[in-house]
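# Survey of secondary and tertiary structure
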Amino acid sequence: MAGIARTPYDELPAALREEIREAGLDPAAVYEHVVLAFEEDLPGGDDVTSAAMPDMGVAVADFAAREPGVVAGLAIAELAFRYALGDTVELSGRVADGTHVRPGDVVLTAAGPVRGVLTAERTALNFASHLSGVATATSHWVEALTGTRARVLDTRKTLPGWRALQKYAVRCGGGVNHRFSLVDRAMVKDNHAVAAGGVVPAYKAVVAANPGLRVEVEVMDLDELRDVLAAGCTEVLLDNMSSAEMTEAVGIRDELSPDATLEASGGLTLERAREVALTGVDFISVGALTHSVKVFDLGLDFRTA
């Protein structure tokens, strides 16, 4: 790609790669994600606007929060700048992912060639703003559940190609990850039950085919809950139940299988979060953390150019 350094993966700072790995992400995969993002912006050419400008020297620019929230993805924003500008950029003042910020807080500062900073700006912001939006949304649920036993879970309702990053952002916001794929954990849903002739036959079929694998079963009513607990299931999803039904479900669980966990799911809202948590369920799963999140307002503001 003309116009940017296109720094090879092995030439990125080892400390940055290790930091991303320690966050539970594959740094090589994150690198490739950043590369694809730049290929979208620069399909074989220059940033035609910035390249047309006269030599503008060096810029010092701040990533700053424009609203309160929790930041995530700043290491990926740094990777984007280092990929695009190589050793011509200096990055400083990066706050840790998971940090609560206020409007005006500077979370990262970049100093480098003006053209390069302008070219890399949006790609870096796209990663950090979206992931900070996920982290911020998650933090609101965590706050609503404070003082209860319930924890907020994400789902597989993620943007294709973004799952690992979005689930990382959920962790930054204080949430808990559910399964990452259709392989690492089984979940018997309503359509599986229809196909197998009931929730218990479906559960038993999955257990028989996958000895030792975690299996969760979705139930639609309290009779199904009693049946799957009696069959030995220890992870149950309560789908679209009222708070009264969930309270009764907790009582049934406590009587029949005290070690089993209950997960509430289905159209739950932040306004209802605490009410649901107070029923005694262990988890509340929220697809909106990833599929309907509002982007966090981060901006890049030049100090000097």
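Residues numbered from 1 in each chain as written. Predicted model: local features only at pLDDT ≥ 70, side-chain atom pairs only at ≥ 80, totals over all residues. Heavy atoms only, no water.

### Quick word on the environment of alanine 72
Here alanine 72 lies in the loop between β2 (69-70) and α4 (74-85). Residue class for alanine 72 comes out buried when judged on its relative accessible area of 0%. Considering only alpha carbons, one finds alanine 72 and glutamate 255, 183 residues apart in sequence, at a separation of 41 Å. When residues no more than four places from it in sequence are discounted, the contact partners of alanine 72 are Asp97, Ala128, Leu131, Ser132, Ala135, Ala169 and Cys172. (Helix = DSSP H or I, 4+ residues; strand = E, 2+ residues; numbered from the N terminus. Buried < 20%, exposed > 50% of the residue type's maximum accessible area, 1.4 Å probe, protein only. Contact = heavy atoms within 4.5 Å.)

### Here we look at unusual backbone geometry
One non-glycine residue, arginine 6, lies in the positive phi region at around 50°. Within the fold, arginine 6 resides in the segment before α1 (14-22). Classification of arginine 6 by relative accessible area gives partly exposed; the value is 38%. Here the phi dihedral of asparagine 240 falls at roughly 55°; this positive angle occurs in a residue that is not glycine.

### With respect to the sheet that holds strand β6 (residues 151-153)
Strands sit in the order β6-β11-β10-β9-β8-β7 across an open sheet of 6 strands; the sheet is parallel. At either end of the open sheet lies a strand with only one pairing partner, and these are β6 and β7 (186-188). Taking each pair of neighbouring strands and ignoring which way they run, the sheet shows an average axis angle of 25°. Strand direction decides the pairing type here: strand β10 (residues 261-265) and strand β11 (residues 283-285), joined by 2 bridges, are parallel. Bridge pairing in β11 links glutamate 263 to phenylalanine 283. Against the sheet, helix α8 (residues 199-209) engages β7 and β8 (215-219), with an angle of about 170° to β8. (Pairing = 2+ DSSP bridges. Axes fitted to C-alpha atoms, helices over the stretch in contact; angles between N-to-C directions.)

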